[in-house]
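A closer look at the structure
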Amino acid sequence: ADARGRPGSKAEDMVILTKAGRELERMGRNRDDEGAPETIREDEATEAERDVARVLSKGGTVDPNVELERMLAEIEGTAEVRKEDAEYQGEKRCGTVAIVGAPNAGKSTLLNRLIGSKLAIVTHKRQTTRNSCTGIAMEDGTQIVYIDTPGIMDARPGHRLNKAMVKNAWNMCRDADEVFFIVDADKILPGRDGRGVRGTEDGSNAADVVRPERLMLREDSNEGLVLRRLVERRQDFNLILNKVDQVRGPHRPDLLLPLAEAIKAQAACLDTPGTHAKKVFAVSAKSGKGTDAVRRYLRENLPKGPWLYPSDQISDLPLRQIVAEITRESILLRAHEEVPYACYIETDSFEEKKDGSVRIEQTIFVETDGQKKIILGFIKELGLRSRREIGKFLDKNCHLFLNVKVKKWTESG
């Protein structure tokens, strides 16, 4: 057979040099003899590669790389079972859950609440989340992989960063097993100014006074944009009414159920075959109220299957990215106007010391010399807060060193 596996010569004469073949041989040998040294030369066919060659020499057009990958998967499947998998003998479920919504709807706060740890940064400013953030939680035998997405908004022409963030958010929804559309209920419901719901001064029921059309999401709002896109994509979703603890005032809480029904009806009107809203949850991500119902729903409805991550893992993000986000959070909380949105943080080094502490060097990129001067003006305060929060997250002493540079990073990508 020639190098493509076509019949024609002895199989033993074939040399298939692939990365998969080397890995296959290494894993197979380590399984039999943990102490065996690495002796394979680059010009020498491995025994596993010869096995594939023998199969291919019998005829057929099977790609040797595909066959090697299949055999590699078989060996990985017979490897030692993870300890947590072996200990849990019940039914296993695993699935991904995308959390989408307009900016400042409480997506990151909900993610942190559901996984039980502060993973995503949270501030009062819009568009705090730039990149999708993955959080992992265990609910009995169900592993839930939450994906916090950037706030979806109608990006203006020329705002390439916003467009990229919105595109990223929708990409995360595409393959998710469940999608949660989160809405700030306090923002949508009338009477937020403290004067109560009009028409209820005489004691009338708010649900009878307020027409359903008044509770629907405005088409020109970010919430209306998200709902319209979900329906256009034929995306089933669960509706989460967030910040219900802030829905105060006479008769306002009575409108939560009508609000949910109005949004479901709006989705049905946008798509004539029927609504795509499956379940409705009223929660307070900040206090945790109502989140048990969300966990219970996912625990019972995510697909059956093996866990994708170890049971004690809370994210698949690299530590360098997490600590960079913590520093960006400090900037968002301290700076104002355009400065926090013009910053990009890069972790240059992350070194664990012998005494158990970590040494981190980061560069803060800004776009103008004026922005650099502003950052340098509170660099000490910035370093103190970031060092404290990083140390709290890592549960280690942190030595943080910050540098500020000017770079048109939004244009250079």
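Residues numbered from 1 in each chain as written. Predicted model: local features only at pLDDT ≥ 70, side-chain atom pairs only at ≥ 80, totals over all residues. Heavy atoms only, no water.

Looking only at helices and strands, the protein has 16 helices and nine strands in total. Burial statistics for the protein: of 413 residues in total, 47% are counted as buried. For the protein, the exposed surface amounts to about 21800 Å²; the carbon and sulfur share of it is 48%. (Helix = DSSP H or I, 4+ residues; strand = E, 2+ residues; numbered from the N terminus. Buried < 20%, exposed > 50% of the residue type's maximum accessible area, 1.4 Å probe, protein only. Areas by Shrake-Rupley, 256 points an atom, 1.4 Å probe, with all protein chains shown as cover.)

Glancing now at the sheet that holds strand β3 (residues 142-148). The strand order across the open sheet formed by six strands is β2-β3-β1-β4-β5-β6, and the pairing between neighbours is mixed. Either end of the sheet is taken by a strand with one partner, and the two such strands are β2 (133-139) and β6 (277-282). Direction aside, the axes of adjacent strands within the sheet are offset by 25° on average. Across four bridges, strand β5 (residues 237-242) lies against β6 in parallel orientation. Pairing of Ile240 across the sheet is with Phe281, part of β6. Helix α10 (residues 222-232) rests against β1 (93-101), β4 (178-184) and β5 of the sheet, and its axis sits at about 160° to β4. (Pairing = 2+ DSSP bridges. Axes fitted to C-alpha atoms, helices over the stretch in contact; angles between N-to-C directions. Contact = heavy atoms within 4.5 Å.)

Quick look at helix α12 (residues 291-301) now. Those residues of α12 that fall on the buried side of the exposure criterion are Thr291, Val294, Arg295, Tyr297 and Leu298. Looking straight down α12, one finds that the buried residues subtend no more than 160° of arc, so they occupy a single side. (Arc of directions from axis to C-beta.)

Turning next to the sheet that holds strand β7 (residues 344-352). The strands that make up a sheet are held in pairs by hydrogen bonds between backbone atoms, and each pair lies either parallel or antiparallel. Strand order in the open sheet formed by three strands is β7-β8-β9, and the pairing between neighbours is mixed. Each edge of the open sheet carries a strand with a single partner, namely β7 and β9 (398-406). Ignoring strand direction, the axes of neighbouring strands in this sheet form an average angle of 15°. Of the strands in this sheet, β8 (358-366) and β9 touch helix α14 (residues 369-377), which is tilted by about 155° from β9. On top of the sheet, helix α15 (residues 379-394) reaches β7, β8 and β9; it is set at about 135° to β9, its chief contact.

So, on to the pattern of salt bridges. For the structure on display, the rule yields 20 salt bridges. Across the salt bridge formed by Glu139 and Arg299, the nearest N and O atoms sit 3.7 Å from each other. Separated by 160 residues along the polypeptide, Glu139 in strand β2 and Arg299 in helix α12 bring together distant segments of the chain. Taking relative accessible area as the criterion, Arg299 reaches 24% and is therefore assigned partly exposed. The residue Asp140 makes a salt bridge to Arg299 at a minimum N-O spacing of 3.6 Å. Of this pair, Asp140 sits in the loop between β2 and β3 while Arg299 is found in helix α12, placing the two residues 159 residues apart along the sequence. Overlapping salt bridges bring together Glu139, Asp140, Asp292, Arg295 and Arg299 as one network. (Salt bridge = Lys/Arg side-chain N within 4 Å of Asp/Glu carboxyl O.)

A separate point is the packing of aromatic side chains. Here the structure, examined in full by the defined rule, presents four aromatic pairs. Consider the rings of Phe180 and Phe281, whose centres lie 6.2 Å apart with planes at 65°: the pair is edge-to-face. In this pair, Phe180 sits in strand β4 while Phe281 sits in strand β6, placing the two residues 101 residues apart along the sequence. Judged by its relative accessible area of 0%, Phe180 is buried. Taking 6.1 Å as the distance between ring centres and 25° as the angle between the ring planes, the aromatic pair formed by Tyr344 and Phe365 counts as stacked. In this pair, Tyr344 is assigned in strand β7 and Phe365 in strand β8, connecting sequence segments 21 residues apart. (Phe/Tyr/Trp six-rings, centres within 6.5 Å; stacked < 30°, edge-to-face > 60°.)

To continue, consider the packing of helix α13 (residues 319-334) against α15. Close contact between α13 and α15 brings their axes to 9 Å; oriented N to C, the two are set at 140°. Taken together, the axes of α13 and α15 lie oblique to each other. In the crossing of α13 with α15, the sense of the turn from one axis to the other is right-handed. Contacts between α13 and α15 pair Leu319, Ile322, Val323, Ile326, Thr327, Glu329, Ser330, Ile331, Leu333 and Arg334 from the former with Glu381, Leu382, Arg385, Ser386, Glu389, Ile390, Phe393 and Leu394 from the latter. Taken together, the residues of the contact of α13 with α15 break down into 10 nonpolar, three polar and five charged. (Parallel < 35°, antiparallel > 145°, perpendicular 65-115°, else oblique. Left-handed = near helix turned anticlockwise from the far one by under 90°. Nonpolar A, V, L, I, M, F, W, Y, C, P; charged D, E, K, R; others polar.)

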